Amino acid sequence: QVQLVESGGGLVQAGGSLRLSCAASGRGFSRYSMGWFRQAPGKEREFVAASTWTSTDYADSVKGRFTLSRDYAKNTLSLQMNSLKPEDTAVYYCAATIRASPRNYDHDYDYWGQGTQVTVSS
């Protein structure tokens, strides 16, 4: 069983930066694929970035602006978000799955954090 707790959301002006963190607890964290998803008001939850054994993937909308990092010793997954845009405004969720190569869909992930709000003002 994996438990996930996000932190680091907030309000920032367009062009600014935020760093989200996800603290994982439970056994075998290092074996899990981890990712970030987001959900804006009135929209479906969408993939942002993921870390698996073989790759780190990003949604096209965040490539070059967001950077994913994982600390296996501290059981954390971080998302550095730079050059933020108003369209990045959403609740951001940390997710985990035992699947080695999950697709970039939320239903491939089994464990979810409670979410953290990111608001980017124009």
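Observations regarding the sheet that holds strand β8 (residues 76-81)
Here 4 strands make up an open sheet; going across it, the order is β1-β3-β8-β7 and the pairing antiparallel. Every interior strand has two partners, whereas the edge strands, β1 (3-7) and β7 (66-71), have only one. Adjacent strand axes in the sheet meet at a mean angle of 15 degrees when their direction is disregarded. Here strand β3 (residues 18-25) pairs with β8 via 6 bridges, running antiparallel. In the sheet register, C22 faces β8, and the bridge partner there is L77.

Concerning the state of the cysteines
By definition, a disulfide links the sulfur atoms of two cysteine residues through a covalent bond. With the rule as written, the count across this model stands at 1 disulfide. Across a sulfur-sulfur distance of 2.1 Å, C22 and C94 are joined as a disulfide pair. Residues C22 and C94 share a disulfide whose torsion about the S-S bond is about -80 degrees; that sign makes it left-handed. Taken as a pair, C22 in strand β3 and C94 in strand β9 (residues 90-97) lie far apart in primary sequence, 72 residues in all. In terms of burial, C22 and C94 fall into one category: buried.

Section: the pairing of β7
Residues F66, L68 and R70 line the buried face of β7, whereas the alternating positions T67, S69 and D71 sit on a face that is not buried. Looking at chain direction, β7 and β8 are connected through 6 bridges and run antiparallel. Residue F66 lies in a different strand from β8, and its bridge partner there is M81. Turn length for the β7-β8 hairpin, with the two strands adjacent in sequence and antiparallel, is 4 residues, and the turn residue N75 shows positive phi of about 55 degrees.

Considerations on the packing of aromatic side chains
One pass over the full model with this rule turns up 6 aromatic pairs. Taken together, F37, F47, Y93, Y109 and W112 form an aromatic cluster joined through their ring pairs. When the ring centre of Y93 is taken as reference, the NZ or CZ atom of R45 above it lies at 5.3 Å.

A word on unusual backbone geometry
Positioned with a positive phi, N75 is a non-glycine residue whose angle comes to about 55 degrees. One non-glycine residue, S83, adopts positive backbone phi at about 50 degrees. Inspection of the secondary structure assignment puts S83 in the loop between β8 and β9.

Rules used throughout
- Residues numbered from 1 in each chain as written.
- Predicted model: local features only at pLDDT ≥ 70, side-chain atom pairs only at ≥ 80, totals over all residues.
- Heavy atoms only, no water.
- Pairing = 2+ DSSP bridges.
- Helix = DSSP H or I, 4+ residues; strand = E, 2+ residues; numbered from the N terminus.
- Axes fitted to C-alpha atoms, helices over the stretch in contact; angles between N-to-C directions.
- Disulfide = S-S within 2.5 Å.
- Buried < 20%, exposed > 50% of the residue type's maximum accessible area, 1.4 Å probe, protein only.
- Phe/Tyr/Trp six-rings, centres within 6.5 Å; stacked < 30°, edge-to-face > 60°.
- Lys NZ or Arg CZ within 6 Å of the ring centre and 35° of its normal.

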